[in-house]
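One letter stands for each residue in the lines below.
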Amino acid sequence: MSHSSLKLLLIFCILGIAGIADAPLGFCQSAPPQDPASQGAAKPAEDSSPDAPTTLFPHFESDRIWLSGQANIITQWHPAFRSPYRGPNSLSPEAQDASSRVLTLLTGLRVNGTTEFLCDIQETGGHGIGEALGLAGFTNLDVVRNPTLSKAPYVARLMWHQIIPLSSEMAPSERTPLSGFKELPVRRLEIRFGKFSVVDFFDVNTYGSDSNFQFMNWTLDNNGAYDYAADTRGFTGAAMVEYDDRHWAARFAEALMPKVANGINLDADLGRARSENAELEWHHSFVPKREAVIRVLGYANHANMGTYSVAVANFLAGETPRLEITAHPLQTTTKYGFGVNIEQPLTDWIGLFARWGWNEGQHESYAYTEVDETVQFGAGAQGTRWKRKLDRAGAAFLSNGIARDHQEYLRLGGIGFLLGDGTLTYGRENIFEGYYTLHVWRGIFASFDAQHINNPGYNRDRGPVWVPGFRIHVDF
């Protein structure tokens, strides 16, 4: 079957099954399923009228099968901006626009009260401004960072999900594409094995994790300094175990790394390449009747990564004809980092959030983006206050930075998988983003977004850049 035929088949499958979809959808990088990746995030569940549907078609009642579809289409544009020079990985200073799409078919089968199998199929297309080059905090999370990648539909997630009860007390649980159980033990182990995105479960945040309804910048929806294991599309093979209790949780995942930076092929040799990810989650009411969530993350990646200082030293000594981070024999090096993720609801319609992230910055950015340190803070709201219960709004500021060795590598003309202006006058990449998501009708949502970026690619000689955007999201 041709690629075009597969695309058409996926589109018709989504439209065809929508009429019997199991439940409303709740996170290439590829877009995640709607909201469940944020594990309890505020989801569109109401409308101005009490019984207004939130998907295009009604759903059937069976809770053993999950069957649903969604489409996410983003268009962005930037006007011309100041740029006295440019390099091979610079964001183009000429005015340009670009559009992307992600179509997702989400399926699941609950075998019994403790076991289920999940499978998602995606098709992505279109482009990002500048083909996703020239910005560490790129403006569209849905964009696949390799424009030469096949456009054929692919399996995004394929996992086994097992619940091991540790208490007899049960609590209600909202069904999502990542967990189809109506209730779960208060104390339990959850095991997942297969193909999924690490950030489906790590570093999630109620107010900033969902490119379908919330922010579009990929260092706002995720911690930019978290170089999480993933192929070009944002997925990996992994095993994960999670312990959940009433007020806290802990999770650990062992995941496969790509063979090369930003590569589509994963390295199955765990002795040579792998990633450990650990996170502790704590719930506490600092504000009366408003439970805050604090997540502390740590990770270590082992892969065939180069070292910035070594690459620079070899180039200055004349041992390599050009400055290239990949100019080294096959080796295993380790990159590690930490993150903190906080969310605090203030009322039933507005809350605050913040993230901080750091990695050691000596080894090359390999899987996510070129950020070694980041801080962000913002607010998210639902339209309850102005009688638009399904609408959303948010605003946030973030500041990304890189370590000194990484700065020197770019200053001397080095090229990363995202950045490379040919030289560098370093400054932190500071980004402001605001959005408003409007519920149009049933499962159709329209979003208006604006981003302002100072020092694109950490370069004070270029920019600033304004990037307005528009998004259509459809839940079938």
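All figures in this text were calculated on a predicted structure; none of them were measured in a lab.

Cut-offs applied
- Residues numbered from 1 in each chain as written.
- Predicted model: local features only at pLDDT ≥ 70, side-chain atom pairs only at ≥ 80, totals over all residues.
- Heavy atoms only, no water.
- Pairing = 2+ DSSP bridges.
- Helix = DSSP H or I, 4+ residues; strand = E, 2+ residues; numbered from the N terminus.
- pLDDT = per-residue confidence, 0-100.
- Contact = heavy atoms within 4.5 Å.
- Buried < 20%, exposed > 50% of the residue type's maximum accessible area, 1.4 Å probe, protein only.
- Arc of directions from axis to C-beta.
- Salt bridge = Lys/Arg side-chain N within 4 Å of Asp/Glu carboxyl O.
- Lys, Arg positive; Asp, Glu negative; His and termini not counted.
- 1 Å grid on protein atoms, 1.4 Å probe; cavity = no way out; pocket = protein on both sides within 12 Å on 5 of 7 lines; lining within 4 Å.
- Points joined across faces, edges and corners; volume = space filled by probe spheres on them.
- Nonpolar A, V, L, I, M, F, W, Y, C, P; charged D, E, K, R; others polar.
- Core = buried A, V, L, I, M, F, W, Y, C linked by side-chain atoms within 4.5 Å.
- Axes fitted to C-alpha atoms, helices over the stretch in contact; angles between N-to-C directions.
- Left-handed = near helix turned anticlockwise from the far one by under 90°.

> I'd like a rundown of the pairing of strand 2 (residues 96-110), residues and numbers included.
Here strand 1 (residues 65-78) runs beside strand 2; their pairing, made up of 14 bridges, is antiparallel. Note that in strand 2 the partner of Asn-72 across the bridge is Val-102. Pairing of strand 2 with strand 3 (residues 115-126) involves 11 bridges; the strand directions are antiparallel. In the strand pairing of strand 3, Arg-101 is matched with Gly-125. A loop of four residues connects strand 2 with strand 3, the two strands running antiparallel in sequence.

> Residue-level account of the confidence of the model for the protein chain, with values.
Of the residues in the protein chain, 88% reach a pLDDT of 70 or more, and the chain-wide mean stands at 90. Note on residues 35-50: pLDDT is under 50 here. Beyond four places in sequence and across chains, it has 53 contacts.

> Give a detailed account of helix 3 (residues 404-411), specifying residues and quantitative values.
All of the buried residues in helix 3 are His-406, Gln-407, Tyr-409 and Leu-410. Looking straight down helix 3, one finds that the buried residues subtend no more than 160° of arc, so they occupy a single side. Against the buried residues of helix 3 lie helix 2 (308-316). The first or second residue beyond helix 3 is Gly-413, which carries a positive phi of 105°.

> Tell me what's going on with the pairing of strand 18 (residues 465-475), and back it up with residues and numbers.
Both strand 1 and strand 18 contribute to a ladder of seven bridges, which runs antiparallel. Note that in strand 18 the partner of Ala-71 across the bridge is Val-474. As paired strands, strand 17 (residues 444-454) and strand 18 are joined by 10 bridges and run antiparallel to one another. Counted as the bridge partner of Gln-451 is Val-467 from strand 18.

> So what's going on with the pattern of salt bridges? Which residues, and what values?
Close approach of charged atoms lets side chains of opposite charge pair. All chains considered together, the criterion is met by 24 salt bridges. Here Arg-157 makes a salt bridge to Asp-120, at a shortest N to O gap of 3.4 Å. With a gap of 37 residues between them, Arg-157 in strand 4 (residues 154-165) and Asp-120 in strand 3 connect regions that are remote in the sequence. Here Arg-157 and Asp-120 have matching classes, each one buried. For Glu-343, the salt bridge goes to Arg-295, with nearest N and O atoms at 3.0 Å. Here Glu-343 is found in strand 12 (residues 333-345), whereas its partner Arg-295 is found in strand 11 (residues 290-303), with 48 residues between them in sequence. Here Glu-343 and Arg-295 have matching classes, each one buried.

> Report on the environment of Val-375, specifying residues and quantitative values.
Looking at the secondary structure, you find Val-375 in strand 14 (residues 373-383). Sequence separation between Val-375 and Asn-223 is 152 residues; the distance between their C-alpha atoms is 8.5 Å. Setting aside anything within four residues of it in sequence, one finds Val-375 in contact with Arg-355, Trp-356, Phe-397, Leu-398 and Ser-399.

> Give me the lowdown on the side chain of Asp-221, citing residues and values where you can.
With respect to the element layout, Asp-221 can be found in the loop between strand 7 (188-196) and strand 8 (236-244). Look at Asp-221: it is buried, it has no salt bridge, and the nearest opposite charge is Arg-471 at 6.3 Å.

> Tell me what's going on with the environment of Gly-394, and back it up with residues and numbers.
Within the secondary structure, Gly-394 sits in strand 15 (residues 388-401). Residue classification places Gly-394 among the buried residues on the basis of a relative accessible area of 10%. Between the alpha carbons of Gly-394 and Gly-378 there is a distance of 7.4 Å; along the sequence they are 16 residues apart. Non-local contacts of Gly-394, meaning those with residues more than four positions away in its chain, are made with Phe-215, Ala-379, Gly-380, Glu-433, Gly-434 and Tyr-435.

> Please give an account of empty space enclosed by the protein that cites residues and values.
By rolling a water-sized probe across the atoms, one finds the places where empty space is left. Reported here for the largest cavity is a volume of approximately 90 Å³. Looking at the lining of the largest cavity residue by residue, the classes come out as three nonpolar, six polar and four charged. Each pocket or cavity is described by its volume, and for the second largest cavity that value is around 50 Å³. Of the residues that constitute the lining of the second largest cavity, the class distribution is three nonpolar, five polar and one charged.

> Tell me about the nonpolar core, residues and numbers included.
By size, the foremost hydrophobic cluster in this structure holds 61 residues, and its most contacted members are Phe-202, Tyr-226 and Tyr-409. Listing elements by their share of this core, those giving two or more residues are strand 8, strand 9 (248-255), strand 11, helix 2, strand 15, helix 3, strand 16 (429-441) and strand 18.

> Hey, could you go over helix 2 for me, with residue numbers and the actual values?
Buried within helix 2 are the following residues: Tyr-308, Ala-311 and Val-312. Considered in projection along helix 2, the buried side chains sweep an arc of 95° and stay on one side of the axis. Contacts made by the buried residues of helix 2 are with helix 3. In the segment just after helix 2, Gly-318 is the residue with positive phi, at about 80°.

> Summarise the packing of helix 2 against helix 3; cite the residues concerned and give the values.
The interhelical angle for the contact between helix 2 and helix 3, taken along N-to-C directions, is 40°, at an axis separation of 8 Å. The two elements helix 2 and helix 3 meet at a crossing, and its hand is left-handed. Contact with helix 2, carried on its side by Tyr-308, Ser-309, Ala-311 and Val-312, involves Asp-405, His-406, Glu-408 and Tyr-409 of helix 3 and no other residues of that element. A class-by-class count of the residues in the contact of helix 2 with helix 3 yields four nonpolar, two polar and two charged.

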